[in-house]
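Okay, here's what each chain looks like letter by letter:
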Amino acid sequence: VNILKKSIENNRCAHAYLFVGPEGVGKRTTAIAFAKGLNCHSSSSDGCDRCDSCIKIENGKHPDVELITPREAGLAISIEQIRKLQRSVSYKPLEAKWKVYIVDDAADATEEAANCLLKTLEEPPPQVIIILVTENIYRLLSTVRSRCQLVLFRQIPRNLIEKILVHQYQVPPEKARSLAWLSSGSIGRALYYLERET
(Lines give C-alpha, C1' and ligand atoms only; values in the text may rest on other atoms or scores of the structure.)
Protein backbone atom coordinates (compact mmCIF):
# COMPACT_ATOMS: atom_id res chain seq x y z
CA VAL A 1 0.00 0.00 0.00
CA ASN A 2 2.86 2.38 0.84
CA ILE A 3 4.47 1.68 -2.55
CA LEU A 4 1.23 2.61 -4.30
CA LYS A 5 0.71 5.74 -2.17
CA LYS A 6 4.27 6.91 -2.90
CA SER A 7 3.82 6.33 -6.63
CA ILE A 8 0.75 8.64 -6.54
CA GLU A 9 2.52 11.27 -4.41
CA ASN A 10 5.59 11.27 -6.69
CA ASN A 11 3.47 11.09 -9.86
CA ARG A 12 5.42 7.99 -10.96
CA CYS A 13 2.80 5.34 -11.60
CA ALA A 14 3.39 2.28 -13.74
CA HIS A 15 1.01 1.74 -16.66
CA ALA A 16 0.17 -1.76 -15.41
CA TYR A 17 0.19 -3.53 -12.04
CA LEU A 18 -0.16 -7.17 -11.10
CA PHE A 19 -1.72 -7.70 -7.65
CA VAL A 20 -0.96 -11.27 -6.52
CA GLY A 21 -1.93 -13.02 -3.29
CA PRO A 22 -4.29 -15.46 -1.59
CA GLU A 23 -8.04 -15.03 -1.78
CA GLY A 24 -9.60 -12.57 0.66
CA VAL A 25 -6.50 -10.52 1.56
CA GLY A 26 -7.73 -7.27 -0.02
CA LYS A 27 -6.32 -7.23 -3.56
CA ARG A 28 -9.48 -5.95 -5.23
CA THR A 29 -10.22 -3.57 -2.32
CA THR A 30 -6.68 -2.16 -2.66
CA ALA A 31 -7.12 -1.79 -6.44
CA ILE A 32 -10.31 0.24 -5.89
CA ALA A 33 -8.59 2.33 -3.18
CA PHE A 34 -5.68 2.95 -5.60
CA ALA A 35 -8.13 4.14 -8.28
CA LYS A 36 -9.63 6.54 -5.69
CA GLY A 37 -6.19 7.84 -4.69
CA LEU A 38 -5.27 8.44 -8.34
CA ASN A 39 -8.43 10.42 -9.04
CA CYS A 40 -9.35 11.99 -5.68
CA HIS A 41 -10.43 15.65 -5.98
CA SER A 42 -8.85 16.47 -2.62
CA SER A 43 -5.48 15.19 -3.94
CA SER A 44 -5.28 12.60 -1.17
CA SER A 45 -3.09 9.61 -2.11
CA ASP A 46 -5.41 7.58 0.13
CA GLY A 47 -8.62 8.84 -1.47
CA CYS A 48 -10.84 10.97 0.76
CA ASP A 49 -14.01 8.84 0.35
CA ARG A 50 -16.02 12.09 0.38
CA CYS A 51 -15.47 13.77 -3.00
CA ASP A 52 -17.64 13.06 -6.04
CA SER A 53 -14.89 10.99 -7.68
CA CYS A 54 -14.26 8.72 -4.65
CA ILE A 55 -18.00 8.16 -4.12
CA LYS A 56 -18.56 7.24 -7.78
CA ILE A 57 -15.61 4.81 -7.73
CA GLU A 58 -16.84 3.20 -4.49
CA ASN A 59 -20.30 2.72 -6.00
CA GLY A 60 -18.97 1.42 -9.33
CA LYS A 61 -20.45 4.40 -11.20
CA HIS A 62 -17.33 6.28 -12.34
CA PRO A 63 -17.10 6.48 -16.16
CA ASP A 64 -13.28 6.27 -16.06
CA VAL A 65 -12.89 3.37 -13.60
CA GLU A 66 -14.01 -0.09 -14.68
CA LEU A 67 -13.98 -3.41 -12.86
CA ILE A 68 -13.81 -6.32 -15.31
CA THR A 69 -14.86 -9.70 -13.91
CA PRO A 70 -16.08 -12.97 -15.44
CA ARG A 71 -19.70 -12.39 -16.50
CA GLU A 72 -20.87 -15.40 -14.52
CA ALA A 73 -19.35 -17.42 -11.69
CA GLY A 74 -17.15 -20.20 -13.02
CA LEU A 75 -16.69 -18.57 -16.43
CA ALA A 76 -13.54 -16.98 -17.86
CA ILE A 77 -13.02 -13.35 -18.84
CA SER A 78 -13.90 -13.31 -22.52
CA ILE A 79 -12.13 -11.82 -25.51
CA GLU A 80 -15.18 -9.55 -26.03
CA GLN A 81 -14.61 -8.00 -22.59
CA ILE A 82 -10.92 -7.36 -23.35
CA ARG A 83 -11.71 -5.99 -26.83
CA LYS A 84 -14.14 -3.56 -25.18
CA LEU A 85 -11.31 -2.52 -22.80
CA GLN A 86 -8.97 -2.15 -25.80
CA ARG A 87 -11.40 0.20 -27.58
CA SER A 88 -12.07 2.18 -24.40
CA VAL A 89 -8.40 2.85 -23.52
CA SER A 90 -7.90 4.81 -26.73
CA TYR A 91 -10.26 7.57 -25.49
CA LYS A 92 -9.24 10.28 -23.04
CA PRO A 93 -10.73 10.20 -19.54
CA LEU A 94 -14.17 11.84 -19.31
CA GLU A 95 -13.91 13.17 -15.75
CA ALA A 96 -10.81 11.79 -14.08
CA LYS A 97 -7.08 12.31 -14.34
CA TRP A 98 -6.55 8.57 -14.90
CA LYS A 99 -8.60 5.85 -16.55
CA VAL A 100 -8.27 2.72 -14.39
CA TYR A 101 -9.18 -0.80 -15.47
CA ILE A 102 -9.22 -3.50 -12.78
CA VAL A 103 -9.22 -7.01 -14.26
CA ASP A 104 -10.30 -9.31 -11.43
CA ASP A 105 -9.39 -13.00 -11.65
CA ALA A 106 -7.11 -12.09 -14.56
CA ALA A 107 -5.66 -15.61 -14.70
CA ASP A 108 -9.14 -16.88 -15.61
CA ALA A 109 -9.12 -15.03 -18.94
CA THR A 110 -9.37 -17.19 -22.04
CA GLU A 111 -6.17 -17.61 -24.05
CA GLU A 112 -7.54 -15.28 -26.77
CA ALA A 113 -8.44 -12.66 -24.14
CA ALA A 114 -4.97 -12.90 -22.55
CA ASN A 115 -3.27 -12.39 -25.94
CA CYS A 116 -5.57 -9.45 -26.69
CA LEU A 117 -4.73 -7.92 -23.29
CA LEU A 118 -1.02 -8.36 -24.04
CA LYS A 119 -1.34 -6.05 -27.08
CA THR A 120 -2.76 -3.30 -24.86
CA LEU A 121 0.00 -3.79 -22.28
CA GLU A 122 2.68 -3.61 -25.01
CA GLU A 123 1.46 -0.20 -26.24
CA PRO A 124 -0.09 1.48 -23.20
CA PRO A 125 -1.87 4.76 -23.91
CA PRO A 126 -1.18 7.73 -21.64
CA GLN A 127 -3.47 8.38 -18.67
CA VAL A 128 -4.40 4.68 -18.45
CA ILE A 129 -3.56 2.24 -15.64
CA ILE A 130 -4.47 -1.44 -15.86
CA ILE A 131 -4.50 -3.53 -12.67
CA LEU A 132 -4.56 -7.31 -12.99
CA VAL A 133 -5.72 -9.18 -9.87
CA THR A 134 -4.98 -12.88 -9.39
CA GLU A 135 -4.27 -15.57 -6.84
CA ASN A 136 -1.87 -17.49 -9.09
CA ILE A 137 0.78 -15.54 -10.98
CA TYR A 138 1.92 -18.63 -12.91
CA ARG A 139 -1.43 -19.03 -14.67
CA LEU A 140 -0.80 -15.72 -16.48
CA LEU A 141 1.26 -15.55 -19.66
CA SER A 142 4.90 -14.76 -18.83
CA THR A 143 4.75 -11.94 -21.42
CA VAL A 144 1.80 -10.40 -19.53
CA ARG A 145 3.61 -10.75 -16.18
CA SER A 146 6.75 -9.09 -17.54
CA ARG A 147 4.85 -5.93 -18.54
CA CYS A 148 3.35 -5.31 -15.10
CA GLN A 149 4.76 -4.00 -11.83
CA LEU A 150 4.33 -6.83 -9.33
CA VAL A 151 2.62 -6.08 -5.99
CA LEU A 152 2.57 -9.07 -3.61
CA PHE A 153 -0.16 -9.49 -1.00
CA ARG A 154 0.39 -11.80 1.94
CA GLN A 155 -1.85 -13.34 4.55
CA ILE A 156 -3.03 -10.85 7.16
CA PRO A 157 -1.81 -11.47 10.75
CA ARG A 158 -4.55 -12.90 12.99
CA ASN A 159 -4.28 -10.07 15.54
CA LEU A 160 -4.91 -7.51 12.76
CA ILE A 161 -7.96 -9.43 11.50
CA GLU A 162 -9.22 -9.49 15.08
CA LYS A 163 -8.79 -5.70 15.41
CA ILE A 164 -10.54 -5.06 12.08
CA LEU A 165 -13.49 -7.23 13.11
CA VAL A 166 -13.82 -5.50 16.49
CA HIS A 167 -13.32 -1.88 15.36
CA GLN A 168 -14.82 -1.83 11.85
CA TYR A 169 -17.51 -4.49 12.15
CA GLN A 170 -18.36 -4.22 15.89
CA VAL A 171 -17.79 -7.95 16.47
CA PRO A 172 -17.44 -8.87 20.19
CA PRO A 173 -13.74 -9.55 21.05
CA GLU A 174 -14.23 -13.27 21.87
CA LYS A 175 -16.04 -13.93 18.62
CA ALA A 176 -13.49 -11.85 16.68
CA ARG A 177 -10.68 -13.97 18.14
CA SER A 178 -12.26 -17.24 17.04
CA LEU A 179 -13.11 -15.87 13.56
CA ALA A 180 -9.49 -14.65 13.18
CA TRP A 181 -8.26 -18.18 14.00
CA LEU A 182 -10.59 -19.70 11.39
CA SER A 183 -9.69 -17.12 8.73
CA SER A 184 -6.24 -18.49 7.70
CA GLY A 185 -5.03 -14.91 7.24
CA SER A 186 -7.95 -13.82 5.04
CA ILE A 187 -10.26 -11.00 6.15
CA GLY A 188 -12.63 -12.04 3.36
CA ARG A 189 -12.91 -15.54 4.84
CA ALA A 190 -13.45 -14.14 8.34
CA LEU A 191 -16.30 -11.94 7.04
CA TYR A 192 -17.77 -14.91 5.18
CA TYR A 193 -17.87 -16.94 8.42
CA LEU A 194 -19.32 -13.96 10.28
CA GLU A 195 -22.10 -13.63 7.67
CA ARG A 196 -22.92 -17.35 7.92
CA GLU A 197 -23.28 -17.07 11.69
CA THR A 198 -25.73 -14.14 11.58
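Residues numbered from 1 in each chain as written. Predicted model: local features only at pLDDT ≥ 70, side-chain atom pairs only at ≥ 80, totals over all residues. Heavy atoms only, no water.

Caption draft 1: Looking closely at the overall build of the chain. Check the secondary structure of the chain and you find 9 helices and 5 strands. Listing the helices and strands of the chain from first to last along the sequence gives α-β-α-α-β-α-β-α-β-α-β-α-α-α. In terms of C-alpha radius of gyration, the chain reaches 17 Å, essentially the compact-globule figure of 16 Å for 198 residues. Expressed as lengths along the three principal axes of its C-alpha atoms, the size of the chain is roughly 50 × 40 × 25 Å. In the chain, 68% of the contacts between residues at least 6 apart in sequence involve partners at least 24 apart. Total accessible area on the chain stands at roughly 11,400 Å², and carbon and sulfur atoms take up 49% of it. (Helix = DSSP H or I, 4+ residues; strand = E, 2+ residues; numbered from the N terminus. Rg over C-alpha atoms; globule rule 2.2 N^0.38 Å. Contact = heavy atoms within 4.5 Å. Areas by Shrake-Rupley, 256 points an atom, 1.4 Å probe, with all protein chains shown as cover.)

Caption draft 2: Quick peek at the confidence of the model for the chain. With 98% of its residues at a pLDDT of 70 or more, the chain has an overall mean of 90. Confidence, read as mean pLDDT per element, is least for helix 9 (residues 187-197) in the chain (84) and greatest for strand 3 (residues 99-103) (97). (pLDDT = per-residue confidence, 0-100.)

Caption draft 3: The arrangement of the packing of aromatic side chains in detail. With the rule as written, the count across this model stands at 4 aromatic pairs. Summarising the aromatic geometry, the rings of Tyr-192 and Tyr-193 are spaced 5.8 Å apart at their centres and angled 55° between planes, so their arrangement reads as tilted. Ring pairs connect the aromatic residues Tyr-17, Phe-19, Phe-34 and Phe-153, which therefore count as one cluster. (Phe/Tyr/Trp six-rings, centres within 6.5 Å; stacked < 30°, edge-to-face > 60°.)

Caption draft 4: Just the nonpolar core, in detail. Judged by nonpolar contacts, the single largest core of 31 residues is most densely connected at Tyr-17, Phe-19, Phe-34, Val-100, Ile-131 and Leu-165. Elements that contribute at least two residues to this core include exactly helix 1 (2-9), strand 1 (16-20), helix 2 (27-39), strand 3, strand 4 (128-134), helix 7 (158-169), helix 8 (173-182) and helix 9. By residue number, the principal contributor to this core is helix 2, which donates 4 residues. Those residues in contact with Tyr-17, other than ones at most four positions away along the chain, are Leu-4, Ser-7, Phe-34, Ile-129, Ile-130, Ile-131, Leu-132, Cys-148, Gln-149 and Val-151. (Core = buried A, V, L, I, M, F, W, Y, C linked by side-chain atoms within 4.5 Å. Buried < 20%, exposed > 50% of the residue type's maximum accessible area, 1.4 Å probe, protein only.)

Caption draft 5: Summary view of the environment of Cys-51. On the secondary structure map, Cys-51 appears in the loop between helix 2 and helix 3 (52-58). Considering only alpha carbons, one finds Cys-51 and Thr-120, 69 residues apart in sequence, at a separation of 31 Å. Not counting chain neighbours up to four residues away, the residues in contact with Cys-51 comprise Cys-40 and His-41.

Caption draft 6: Region of interest: the layout of surface pockets. In this structure, the largest pocket occupies an estimated 1,500 Å³ of space. Around the largest pocket sit 43 residues that line it, and Val-25, Gly-26, Lys-27, Thr-29 and Thr-30 are the ones nearest its centre. Ranked by residue count, the leading element in the lining of the largest pocket is helix 2, at 8 residues. Partitioning the lining of the largest pocket into residue classes produces 18 nonpolar, 12 polar and 13 charged. Estimated volume of the second largest pocket: approximately 180 Å³. Lining of the second largest pocket is provided by 15 residues; of these, Ile-8, Gly-37, Leu-38, Asn-39 and Lys-97 occupy positions nearest its centre. The element that contributes the greatest number of residues to the lining of the second largest pocket is helix 2, accounting for 3 residues. Across the lining of the second largest pocket, the residue classes break down as 6 nonpolar, 7 polar and 2 charged. (1 Å grid on protein atoms, 1.4 Å probe; cavity = no way out; pocket = protein on both sides within 12 Å on 5 of 7 lines; lining within 4 Å. Points joined across faces, edges and corners; volume = space filled by probe spheres on them. Nonpolar A, V, L, I, M, F, W, Y, C, P; charged D, E, K, R; others polar.)

Caption draft 7: Structural detail: helix 1. Three or more residues of helix 1 are buried, namely Leu-4, Ser-7 and Ile-8. The buried residues of helix 1 occupy an angular sector of 100° when the element is viewed end-on, so they sit on one face. Facing away from the buried side of helix 1 by over 90 degrees, the exposed positions are Asn-2, Ile-3 and Glu-9. Residues of helix 1 that are buried make contact with strand 1, helix 2 and strand 5 (149-152). (Arc of directions from axis to C-beta.)

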